[in-house]
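Listed below are the residues making up each chain.
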Amino acid sequence: MITSSAEMKAAYPPKEIEPYWQKTWEKNQTFCVDEAANLPKYYILEMFPYPSGRIHMGHVRVYAIGDVIARFKRMRGFKVLHPMGWDAFGLPAENAAIKKKVQPATWTAQNILDMQQQLKKLGLSYDWSRELATCRPDYYHWNQWLFIKMFERGLAYRKEATVNWCPECVTVLANEQVVDGLCWRCDSPVRQKALRQWFFRITSYVEELLSSLDQLSGWPDRVLTMQRNWIGKSCGVEVNFKVCDRSETLTIFTTRPDTLYGVTFMSIAAEHPLLPELIAGRSEAPAVEAFIEKIKNQDKTVRTAVEQEKEGVFTGAYAEHPLTGEKIPIWVANFVLMEYGTGIVMAVPAHDQRDFEFAQQYDLAVRLVIQNQEGRLKMPLSAAYTETKGALVDSDQFSGMAPVPAQEAIMAFVEAKEFGKKKIHYRLRDWGISRQRYWGTPIPMLYCERCGLVPVPESELPVKLPDTLSPKDGSNPLLNDRDFLEAICPECQGPARRETDTMDTFVDSSWYFLRYTSPKTTDGPVDSKLADDWMPVDQYVGGVEHAVLHLLYARFFTKVMRDIGLIQIDEPFKNLLTQGMVIKNGAKMSKSKGNVIDPNELIETYGADTARLFSLFAAPPEKDLEWSDEGVQGSFRFLQRVWRLVHEFVASGRATQESGSIDFSKASSRVSELRRMSHQAIRKVSVDIEEGYKFNTAIAALMTFYNGLSREWADPVSDPSETKIYNSTFSEAIDTLVLLISPFAPHLAEALWQGLGHSPSILDVPWPSYNPALIVEAQVEVVIQINGKVRSRFSAPAGLENDALQQHALSDAKTQSWIAGKPIKKIFVIKGRLVNIVI
C-alpha cells in the first residue's frame, strides 16, 4: 500500500488500495457522525434492504447514488448522517428458512453478516455504529409500544373484514400489496376471505396526507400523483333512494349530480350487507346468491378493470328515484365494490361508459340528459357521452344549464329537499396490518374471556418472538407454542391468550429513519431532541414501486408520532429521488431470465470504484440503466488512465504546492487556459451534483478534464521562465481532478491524494470552489469578409468550432444587409479569425 509518493505504482491496483482504505476508514471511524460538531446537518438515506444474503446491481446503483451525495455534502462542510440497517422480518426470510430447513432467525442473522461485508467492499460511507435490524427485540419493542399508543388513541382496532388472501403466502395482504390481482411478493392470484383483522386507522389522517403533498416540492411529480390517486378524494353528493316495497334506503354517492335525471338502474356490490335483506323472499334470490358465490373470490382489481366483462344479475327489487318518483331496477354488478363510495352506484348509461356497456349487455334503458355543444347526440347512442360540455336536457328545471354549474344547483336542490347531502369520499381504506405468519413483530394484545381485548403492559414489552421455532409449510408455529400463547391478564390476573398474528413488515419500515437518529435510546422509540435535530431526511433514495406502500405509511407514522408528542415534524422526507432499474438485454435482471450480473464478481475483477463509476455514468439516476460490459471496461480504463497520469506526474518530481504564492497576473495564455479548464471542471461537477444529481454528466466532465490535462502533460513547457508557474498550475489542476473524482471513486482518490503528498483523508479536505472570472473563455475578434472585402467584425470565444463561427457571421446585422437575400455560393473560415462569404 502507498505510504509515500515514492511507492506509488504505475499500474492501477484496486485489489490493494480498496481493502486498505476500507480498513482505514473502519479503524478511524471516519463515517461516525460527530453530533456535537457546529456544522449544518445533512441526513442522506437510501431505503434499507431486505437481507437476502447477496447484493445485486440494483443495490450497487442505489447505494452508490447515496454515497456520492454523502461524500459531496461532507466535503461541502455539512455534518452528514448516513446510516444503514436491515428490513429483516417478513415472508422471504420465512420461506427461505422453510426451504433450507433452518430457523428464520439463524438464516437472517447470517445474511446480515454476509451483506454487511459485501456493502463494506463497495466503500460506502455508512455510520455502522447506528446499524439496526427490525427483527431484533430492541427495535420491534418500539413497534409494539407504538401499536399500544395507537390502540389507546383508537387508531389501532380489530374487526372482521373481507380481506385479500394469498393462498401461496398463507397470509393477508393490504390493498396496496395487490398488483393487477396478484400478490406483490409471489405473483399468485389473490382471493377474498373473511377474517378478523387488526387495522391502523390511516383514514383519520386522510385529508392531511393529501393536503400536505403540496409541501413536498422535492418529490417527483409522478410519486405525488400516485399518492393523490391512491388517496382518491372525490367531492360530490350522497343521494337516498328508498326501496319500493321495503323499509330500506339505498344511499349512493356521485360526483356527477348533473346526470341524476339520467339514472335508469342501480348497481350494488355483491358484498353489500343490505343485499341479503333486499333479495329475501324474492324469486330472484337463488340467481343472486349464485352470482355472489361466483364472484366473491374474484380479485377486486380484476373486477374493476376497464377491459373486464361487465356481469350482473337483477335482484327483483326497485328503488324510487327521489327527483322523479320513477321505479329504478336494482342490479348486482361485478364492477361495484363495497370499499368505494357507499357500495351502491346510480347507473347513468348515457353518460358513463361502464354503465353503458352493462346496459347494452342486459338490454337496459339509456336516457340522454346532457346534449353536446353541437346538439348532435341522437338516440341510440354508440357510446356514452362523458364530457361536461353542452347543456342538460330532460332534467326538469335544470334543463338548459351547463353541466358544471348544474352540479352545484342540483346538489343544493337535493340538500334543500332532504334527499341527501354533499359529501367527500376517499378511495383510501384503513391499513390491515395482521399477518398470519410467524416471522414478524408479535402484536402486543391479549384475549381475556373476562376482560376482552387487553394490551400488554408497557413494562412487559417487548413481547419477544420465540426465535427457536421453525415454521413448516406456511403454518404459524405460534399457534401451537404454549409458552408463547399462555399469558396472565394484567387487569383481572386471570388466564389470557396472546395474539398470534404478527405485524405487516411495512410497519417496521414506517419509522426506521427516525430510529437512526438515536438507535441506542432505551426509554422510547426516539430521543425527541436528536430526532428534531436531524429530521426531516434531507434526501431519500429508493424505488418508485414504494410510492403507495412504504412512502405513504411512513408519512402516516410520522404524523402519528408527532401527535403522540415524540417529534415535531409533519413530513419525514424533504427530497425524494426514485432511481431506475438495472436492466440487461432490455429486461430487468432476474435469475429466471438468466441475465443477472453478480456485483461481487464485478468487484473482484475490476474493483469497487469501477462498479460505482459505471452504475453512476451509464444513465441519469432516475432512468433505467442498461447493462454494458463495454461500459464497465470503459469505466475501468478511465480510472487506469487517471491513476497513470497522477503516477507519472508524481514520479516526474514536478509536483508543487506553491500556487497560493504565485502571481498569475503575468501568466501566459497556456497557464490561463489550464486554470480556466480546472475551474470549469469544478463548476460543472459541482453544479451537476448539487442541482439534479446529474452524475453521468458530472463524470463526463471529469473525463473531459482528464483529457485536457493529459494533452497538457504530453506537451511539456519548454520556456524555463514559465516552468515554475506552469508546474504549480498543473499541480493544482491534478489536485482538483483527484478531489472532484473522490465522491465517485473514493478508494482511488484517497490513494492518489496520499501519493501526491497530502495528509489523509481526502474527505477532510474542503470541496474546491471555482472563480467565476476564470471560467469565462478568452474572446477573439473575428473578421467577416464578403467577396474579399471586410464588411463587419464580431467577438467570439477562442476555439469556437467553424460551424458556430459561420452561424455567428450569418446572423450579424451588417452581414445580412450586405447579402440582402442574394444566394451564398460559398462560406469558409480561416484559422478561427476570418469568415469569408462569397455571394
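Before reading further, recall that the structure is shown in the block above.
Here's a quick rundown of the structure. (Residues numbered from 1 in each chain as written. Predicted model: local features only at pLDDT ≥ 70, side-chain atom pairs only at ≥ 80, totals over all residues. Heavy atoms only, no water.)

A few words on the sheet that holds strand β27 (residues 576-578). Taken in spatial order, the four strands of this open sheet run β2-β1-β26-β27, and their pairing is parallel. In this open sheet, the two edge strands, each paired with only one partner strand, are β2 (79-81) and β27. Taking the axes of each pair of neighbouring strands and ignoring which way they run, one obtains an average angle of 20° across the sheet. Summarising the sheet, strand β1 (residues 41-46) and β2 pair through three bridges and their orientation is parallel. From the neighbouring strand, Y42 faces β2, where its bridge partner is V80. (Pairing = 2+ DSSP bridges. Helix = DSSP H or I, 4+ residues; strand = E, 2+ residues; numbered from the N terminus. Axes fitted to C-alpha atoms, helices over the stretch in contact; angles between N-to-C directions.)

Now for the pattern of salt bridges. Scanning the entire structure with this criterion turns up 36 salt bridges. Between K120 and E26 there is a salt bridge, and its shortest N-O distance comes to 3.3 Å. Of this pair, K120 sits in helix α4 (residues 104-120) while E26 sits in helix α1 (residues 14-27), and the two are 94 residues apart along the sequence. Put simply, D214 and R228 hold a salt bridge, and the shortest N to O gap is 2.9 Å. Taken as a pair, D214 in the loop between α6 (206-211) and α7 (221-231) and R228 in helix α7 lie far apart in primary sequence, 14 residues in all. Taking the relative accessible area as the measure of exposure, R228 reaches 30% and is therefore partly exposed. (Salt bridge = Lys/Arg side-chain N within 4 Å of Asp/Glu carboxyl O. Buried < 20%, exposed > 50% of the residue type's maximum accessible area, 1.4 Å probe, protein only.)

Moving on, we get to the side chain of D127. For D127, the position within the fold is in the loop between α4 and β4 (132-133). Side-chain polar atoms of D127 contact the side chain of S129, separated by 2.5 Å. Apart from residues no more than four positions distant in its own chain, D127 is found in contact with F31, C32, V33, H82 and P83. (Polar contact = N/O pair within 3.5 Å; in protein donor to acceptor, adjacent residues only side chain to side chain. Contact = heavy atoms within 4.5 Å.)

Moving on: unusual backbone geometry. Residues M379 and P380 are joined by a peptide bond in cis, for which omega reads 0°. Mapped onto the elements, P380 comes out in the loop between β16 (370-371) and β17 (391-392). In this structure, P462 follows L461 across a cis peptide bond, with omega equal to 0°. Position of P462 relative to the elements: it lies in the loop between β22 (452-455) and α13 (482-485). With a phi angle near 55°, V170 is a residue other than glycine that sits in the positive phi range.

Turning our attention to the pairing of β1. Across the six residues that make up β1, a large majority, five, are buried. Taken together, β1, helix α2 (residues 57-75) and β2 form a β-α-β motif whose crossover is right-handed. Bridge count for β1 against strand β26 (residues 539-542) is three bridges, and the pairing is parallel. From the neighbouring strand, I44 faces β26, where its bridge partner is Q539. (Right-handed = clockwise from strand over helix to strand, strands pointing away.)

Further remarks concern the sheet that holds strand β33 (residues 826-830). The mixed open sheet is built from four strands, whose spatial order is β32-β31-β34-β33. Two strands bound the open sheet, and with one partner strand each, they are β32 (789-797) and β33. Sheet twist, expressed as the mean angle between neighbouring strand axes with direction ignored, is 20°. Relative to β32, strand β31 (residues 779-786) runs antiparallel, the two sharing eight bridges. Bridged to I784 within β32 is S792. Sheet contacts for helix α25 (residues 802-811): β31, β32, β33 and β34 (834-838); angle to β33, the most-contacted strand, approximately 120°.

A few words on helix α11 (residues 353-362). Within the span of α11, buried status applies to D355, F356, F358 and A359. Buried residues of α11 fall within an arc of 165° about the axis and therefore sit on the same side. Along its buried surface, α11 packs onto β12 (265-268), β13 (312-320), β14 (327-333) and β15 (344-347). Positive phi appears at D363, one or two residues downstream of α11, with a value of about 55°. (Arc of directions from axis to C-beta.)

Attention now goes to the state of the cysteines. In this structure the tally under the stated criterion is zero disulfides. The thiol of C135 is unpaired, and the distance to the nearest cysteine sulfur, on C169, comes to 19 Å. Note on C135: relative accessible area 16%, which makes it buried. Here C448 stays free of any disulfide, with the sulfur of C492 as its closest cysteine sulfur at 3.6 Å. (Disulfide = S-S within 2.5 Å.)

Moving on, we get to the packing of aromatic side chains. What the rule picks out here adds up to 49 aromatic pairs. Centre to centre, the rings of W331 and F358 are 5.7 Å apart; their planes meet at 90°, and the pair counts as edge-to-face. Residue W331 is located in strand β14, and its partner F358 is located in helix α11; the two are separated by 27 residues in the primary sequence. Exposure class is identical for W331 and F358. Each is buried. Relative to F573, the ring of Y540 has its centre 3.9 Å away and its plane inclined at 15°; by these criteria the two rings are stacked. Placement of the pair is Y540 in strand β26 and F573 in the loop between α17 (550-564) and β27, with a sequence separation of 33 residues. By the burial criterion, Y540 is buried, and F573 matches it. Through a chain of ring-to-ring contacts, three or more aromatic side chains come together here, namely F147, F151, W198, F200, Y205, W431, F506, Y553, F556 and F557. (Phe/Tyr/Trp six-rings, centres within 6.5 Å; stacked < 30°, edge-to-face > 60°.)

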